[in-house]
Amino acid sequence: MKLVVKNLKKNFEKKEVLKDINFEFEKGKIYGLLGRNGAGKTTFFNCLNEDLEIDAGEFYIEDNEKKRKMEAEDIGYVLSTPNVPEFLTAREFLKFFIDINKKRIKDLKTIDEYFDFMKIEQEDRDRLLKDYSHGMKNKMQMLVNIISNPNILLLDEPLTSFDVVVAEEMKQMLREIKKKHIIIFSTHIMELALDLCDEIVILNRGILEEVDKNNLDNEHFKDKIIEALKEQ
Amino acid sequence: MIESFITSFRLKNTYRVNSIIYSIKQFPIIKRILPNSLYKNKGLKIFANIISILIEILSIFVGKLIYIASMIFAVLSFYETNQTDTFLHIFLFLTLCGGVLNTYMLNPTKDKYYAIVIMNMDARKYGLSNYYYQLLKLVIGFLPFTILFGMITKTPLWIQLALPFFVVAIKLIVMNYSLYDFNKNQKAKNENLPTKFVWSFVAICLLAAYGLPAINITINQTIFLCIFVFTLILGIYSLLKIHNFKDYRKMYKQVLTITNVYAVENNSGTQAMKNTSLKQIELDKNYTSNKSGFAYFHELFVKRHRKILTKAVKKQSIIILAIFIAVVIGINVNVDFKEKTNDILMQYLPYFVFIMYAINRSSSVTQAMFMNCDHSMLTYRIYRTPKVILGLFKERLKTLIIINLLPSTLIGLGLAILLYLSGGTENPLNYMVLFVSIIAMSIFFSVHYLVMYYLLQPYNVNTEMRSSTYKVVQAITYFVCYYMIQIQLPTLSFGITVIAFCIAYSLISLIIAYKYAPKTFKLRV
Ligand SMILES: Nc1ncnc2c1ncn2[C@@H]1O[C@H](COP(=O)(O)OP(=O)(O)OP(=O)(O)O)[C@@H](O)[C@H]1O
Ligand SMILES: [Mg+2]
């Protein structure tokens, strides 16, 4: 399975944020999306999630050489700001999400098993989400997106607000699930990108480019990435 | 200081000009005609600047005109006391109220926040120069109308001229007291959260303003002269103190917090509104749901929002019952009243359009739906599949209609019974029409608000209202309903028309919503 993006364009009035995006994302890899502030990473995700109308181009899924439209079930998007329904408790939120995704969840676990997996304390599970901390909300958002098991996972700076223990476990978890998914991961932390991602993609001047590692060692690879980011 | 003022004025103007351009841009048609970067468009900028200046000028005069005309002049005829003295009397006491409620300087507004906290301008220079400008606007704004209404009420010229300065002097005295208080306690009070003491003072002044003339007590010109001279002296003393006060920065640091500032500017969906919405959530462990999927989701939403849903309509129902009982008693003791009631029921059904509009909860409920639920849920792609959107839409529609039907049924039944008790009617169909048309209106408003919400989804990610179309629809709804107040039509024909309209409108709009909501119901970016 592949996610193909062709000639995607997005302007905000005259400002061309995404000029001409051409890329194929493949299943089984984690893509690290790097770009300066305001480069358009979030915009790119919003376009894929159809929060924004695109101005030109297309994106679709290629499954065994067959082209098909991207459906809502295909995509999970974890925003950099946490978004959870504040009137529900964590348990109720999970139940709701499992309910509406029942058909597609393969090995359904119990709700408490999911909480254990995400390291959400027993005593927090029945509290309203409005009283959750920033990081805890982010955890829930992440968990829900993992449970609903979409083919494509978009993660916009997801690990920044997690504590070190959870962040480490999330990384491990992403590595485990990557075989069956396309994971695109935006971050500003170079070490994280190098450590976790199979491919580094740079969004600069409205264009998406892969940075080849070739045979470079990490230091040289870093320099190459920074050079690429600096290009005007 | 003048430089500081000019900078701050520019800042305020830029902010306002951009907001004006932003609003203009929000109209779909204009957006299409002028798609390019409007903020740079010269002509438009000039246009927006002119509007901005007009707003500034209007803000000087219009408020004062409305204030004097409605709060003072309009009530004069109710009293038998001397017009000149009563005018003076009410003006004086209302000025005391206004003095303690609004000092300008301590009002946590956005432009102060931008200038002092974000742009780091000199707090003393900024605060003082803008304060003096406000006081100047006060004098200029009041003078034409104290003269105008002074002439109408035959108030002597010297008083006409003195009144604006009296207002300024009171403001200065209160401000000076606030600074003194701050110096002593090192704690600045948020004037938008008046203390109990302030409220009591205001209550006493209001009572004195409107109550005393009713029992033939007013001040006279001599008393005013004494008070005026006294406040003037105190005012000048205060001015000197205020001018020489040093700790403005420290004071503003306390006053201009994010929460204070947003609380003032909460006119159209901001963080403050979000916070108030959040406060509506109640967790009660006993409330759960054994449904599943979005029915489960929705049921929990309803149960956690009892405050704005069921509790609110219960309160309404109790009030309606109370009014009903009062009218029943009235009918039984007073023949005149009985005839009037009958007349109203047969002729004033249009009035009830407005009442039904006013008691309908849908507008605030859809707002809570957005703030507490859809705002976060819409980012999940799965939540935006047609199945979930329409499924939830159905549940919400049911809830809204049922909730609003509780008070409406009471009103409908109540009106029919009152019609019977107040002498009845030749055509029994009237009972039916009265009842059914009230029910129809209630359903209409529920459908209307929900459909508009789903079709126009007016909020953006920051929970700001960003749709001019939605605002226009709201305004039209209001004006149509308000216009109905003045209309008198026979209940039978009007009622049948209303019923037909409500049914047709609801059906058509539901069809449209079903067709388009899956496309239109998303976050604005
Ligand atoms: N709704 C909008 N209207 C106008 N311009 C926008 C809008 N959203 C984003 N932009 C502009 O598009 C550009 C890209 O923004 P985006 O949020 O995608 O950047 P980003 O790469 O995610 O940055 P960061 O690393 O800071 O998160 C910015 O210049 C921004 O100003
Ligand atoms: Mg971003």
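Residues numbered from 1 in each chain as written. Chains lettered and ligands numbered in written order. Predicted model: local features only at pLDDT ≥ 70, side-chain atom pairs only at ≥ 80, totals over all residues. Heavy atoms only, no water.

## Brief notes about the overall build of chain B
Here is step 1 of the chain: Tallying secondary structure elements over chain B gives 21 helices and 0 strands in all.
Here is step 2 of the chain: Judged by the C-alpha coordinates and their principal axes, chain B covers about 70 × 65 × 55 Å.
Here is step 3 of the chain: The 525 residues of chain B split such that 49% are buried.
Here is step 4 of the chain: Considering only contacts within chain B whose residues lie at least 6 apart along the sequence, 82% involve residues at least 24 apart.
Here is step 5 of the chain: Roughly 26,000 Å² of accessible area belongs to chain B as shown, and the carbon and sulfur atoms make up 69% of that amount.
Here is step 6 of the chain: The distance from the centre of the 52 positive side-chain charges to the centre of the 20 negative ones in chain B is 12 Å. (Helix = DSSP H or I, 4+ residues; strand = E, 2+ residues; numbered from the N terminus. Buried < 20%, exposed > 50% of the residue type's maximum accessible area, 1.4 Å probe, protein only. Contact = heavy atoms within 4.5 Å. Areas by Shrake-Rupley, 256 points an atom, 1.4 Å probe, with all protein chains shown as cover. Lys, Arg positive; Asp, Glu negative; His and termini not counted. Charge placed at Lys NZ, Arg CZ, Asp CG, Glu CD.)

## With respect to the overall build of chain A
Here is step 1 of the chain: Counting its regular elements, chain A contains 7 helices and 10 strands.
Here is step 2 of the chain: The C-alpha radius of gyration of chain A comes to 18 Å, within 12% of the 17 Å expected for a compact globule of 232 residues.
Here is step 3 of the chain: A separation threshold of at least 6 residues defines the contact pool for chain A, and within that pool the share at least 24 residues apart is 69%.
Here is step 4 of the chain: Within the structure as shown, chain A displays about 10,800 Å² of accessible surface, and the carbon and sulfur contribution to it stands at 46%. (Rg over C-alpha atoms; globule rule 2.2 N^0.38 Å.)

## Structural notes on the sheet that holds strand β3 (residues 30-34) of chain A
All names here are of chain A.
Here is step 1 of the chain: A sheet is described by the order of its strands in space; here 6 strands give the open sequence β6-β7-β8-β3-β9-β10, paired in mixed fashion. Looking at the sheet topology across the chains shown, the edges are occupied by β6 (75-78) and β10 (207-211). This sheet shows a mean twist of 20 degrees between the axes of neighbouring strands, independent of strand direction.
Here is step 2 of the chain: Across 4 bridges, β6 lies against strand β7 (residues 152-156) in parallel orientation. Across the sheet, residue G76 finds its bridge partner in β7, namely L153.
Here is step 3 of the chain: Lying over the sheet, helix α4 (residues 134-147) contacts β6 and β7, oriented at roughly 170 degrees with respect to β6.
Here is step 4 of the chain: Contacting β3, β9 (199-204) and β10, helix α7 (residues 218-230) runs over the sheet at an angle of about 20 degrees to β9. (Pairing = 2+ DSSP bridges. Axes fitted to C-alpha atoms, helices over the stretch in contact; angles between N-to-C directions.)

## Digging into the interface of chain B and chain A
Here is step 1 of the chain: Counting from both sides, the interface comprises 36 residues of chain B and, opposite them, 33 residues of chain A.
Here is step 2 of the chain: Counting the surface lost from both chain B and chain A, the interface buries some 3,100 Å², and carbon and sulfur atoms represent 61% of this.
Here is step 3 of the chain: The largest share of the area that chain B buries against chain A comes from B:Y380, B:R381 and B:I382, three residues that together contribute 23% of it.
Here is step 4 of the chain: Across the pair B:R304 and A:E92 runs a salt bridge, and its minimum N-O distance is 2.9 Å.
Here is step 5 of the chain: There are 12 residue pairs in polar contact (both at pLDDT 80 or more) connecting chain B and chain A.
Here is step 6 of the chain: Of all the secondary structure elements, the ones that give two or more residues to the side of chain B that touches chain A are α12 (271-279), α13 (293-304) and α17 (362-377) of chain B.
Here is step 7 of the chain: Of the residues in the side of chain B that touches chain A, the class split is 18 nonpolar, 10 polar and 8 charged. (Buried area = accessible area lost by both parts, 1.4 Å probe. Salt bridge = Lys/Arg side-chain N within 4 Å of Asp/Glu carboxyl O. Polar contact = N/O pair within 3.5 Å; in protein donor to acceptor, adjacent residues only side chain to side chain. Nonpolar A, V, L, I, M, F, W, Y, C, P; charged D, E, K, R; others polar.)

## Quick look at the nonpolar core
Here is step 1 of the chain: By size, the foremost hydrophobic cluster in this structure holds 94 residues, and its most contacted members are A:F93, A:M140, A:I200, A:I225 and B:Y383.
Here is step 2 of the chain: Apart from the residues within four sequence positions on either side, A:I225 is in contact with A:L34, A:M190, A:L194, A:I200, A:I202 and A:V211.
Here is step 3 of the chain: Judged by nonpolar contacts, the second largest core, of 53 residues, contains B:L106, B:I116, B:F245 and B:Y248. (Core = buried A, V, L, I, M, F, W, Y, C linked by side-chain atoms within 4.5 Å.)

## Description of the site of ligand 1
Here is step 1 of the chain: Among the 14 residues in the neighbourhood of ligand 1, the closest are listed as A:G38, A:K41, A:T42, A:T43 and A:H188.
Here is step 2 of the chain: One chain alone does not account for the residues near ligand 1; they come from chains A and B.
Here is step 3 of the chain: A:G38 has a polar backbone atom sitting 2.8 Å from an oxygen atom of ligand 1.
Here is step 4 of the chain: Contacts to ligand 1 include A:H188, whose side-chain N or O atom sits 2.8 Å from an oxygen atom. (Near = heavy atom within 4 Å.)

## Looking at empty space enclosed by the protein
Here is step 1 of the chain: Per the counting criterion, the structure on display carries 4 cavities of 30 Å³ or more.
Here is step 2 of the chain: In this structure, the largest cavity encloses a volume near 70 Å³.
Here is step 3 of the chain: A:I75, A:G76, A:N145, A:S148 and B:I382 are the residues nearest the centre of the largest cavity, which is lined by 13 residues in total.
Here is step 4 of the chain: Elements with a minimum of two residues in the lining of the largest cavity: β6 and α2 (90-101) of chain A. (1 Å grid on protein atoms, 1.4 Å probe; cavity = no way out; pocket = protein on both sides within 12 Å on 5 of 7 lines; lining within 4 Å. Points joined across faces, edges and corners; volume = space filled by probe spheres on them.)

## Section: the confidence of the model for chain B
All names here are of chain B.
Here is step 1 of the chain: Per-residue pLDDT for chain B has a mean of 86; in total, 92% of the residues score no lower than 70.
Here is step 2 of the chain: Between the elements of chain B, mean pLDDT differs from a low of 59, seen in α12, to a high of 94, seen in helix α9 (residues 221-244).
Here is step 3 of the chain: Both scores are given for the predicted complex: the pTM is 0.71, the ipTM 0.84. (pLDDT = per-residue confidence, 0-100.)

## Regarding a nonpolar patch on the surface
Here is step 1 of the chain: There is a patch of nonpolar side chains on the surface, built from B:I503, B:L507, B:I508, B:I512 and B:Y516 and spanning about 470 Å² of accessible area.
Here is step 2 of the chain: Within the fold, B:I512 resides in helix α21 (residues 491-520). (Patch = residues over 30% accessible without salt bridge, like charges linked within 9 Å, V, L, I, M, F, W, Y side chains within 5 Å.)

## Some thoughts on the pattern of salt bridges
Residue and element names in this part refer to chain A.
Here is step 1 of the chain: This model, assessed by the stated rule, comprises 32 salt bridges over all chains.
Here is step 2 of the chain: Residue E199 pairs with K29 through a salt bridge whose shortest N-O separation is 2.8 Å. Linking E199 in strand β9 with K29 in the loop between β2 (15-26) and β3, this pair joins segments that are 170 residues apart in sequence.
Here is step 3 of the chain: Classification of E199 as buried rests on a relative accessible area of 14%.
Here is step 4 of the chain: With a relative accessible area of 25%, K29 lands in the partly exposed category.
Here is step 5 of the chain: E191 is the salt-bridge partner of K222, the closest N and O atoms lying 2.9 Å from each other. Of this pair, K222 sits in helix α7 while E191 sits in helix α6 (residues 190-196), and the two are 31 residues apart along the sequence.
Here is step 6 of the chain: Each member of the salt-bridge network shares a partner with another, and the members are R91, D112, D116, R125 and D126.

## Some points on the domain arrangement of chain B
Here is step 1 of the chain: Domain annotation of chain B identifies domain 1 (61-264) and domain 2 (285-520).
Here is step 2 of the chain: In this structure, domain 1 of chain B and domain 2 of chain B have C-alpha centres spaced 41 Å apart. (Domains from an automatic or database assignment.)

## Structural notes on the sheet that holds strand β5 (residues 66-68) of chain A
All names here are of chain A.
Here is step 1 of the chain: Taking strand neighbours across the sheet as the criterion, the 4 strands line up as β2-β1-β4-β5 in an open arrangement whose pairing is antiparallel. Unpaired on one side and paired on the other, β2 and β5 mark the two borders of the sheet. Across this sheet, the average inter-strand angle for adjacent strands is 25 degrees, counted without regard to direction.
Here is step 2 of the chain: Summarising the sheet, strand β1 (residues 2-12) and strand β4 (residues 56-63) pair through 6 bridges and their orientation is antiparallel. Residue pairing across strands places K6 opposite E58, the latter belonging to β4.

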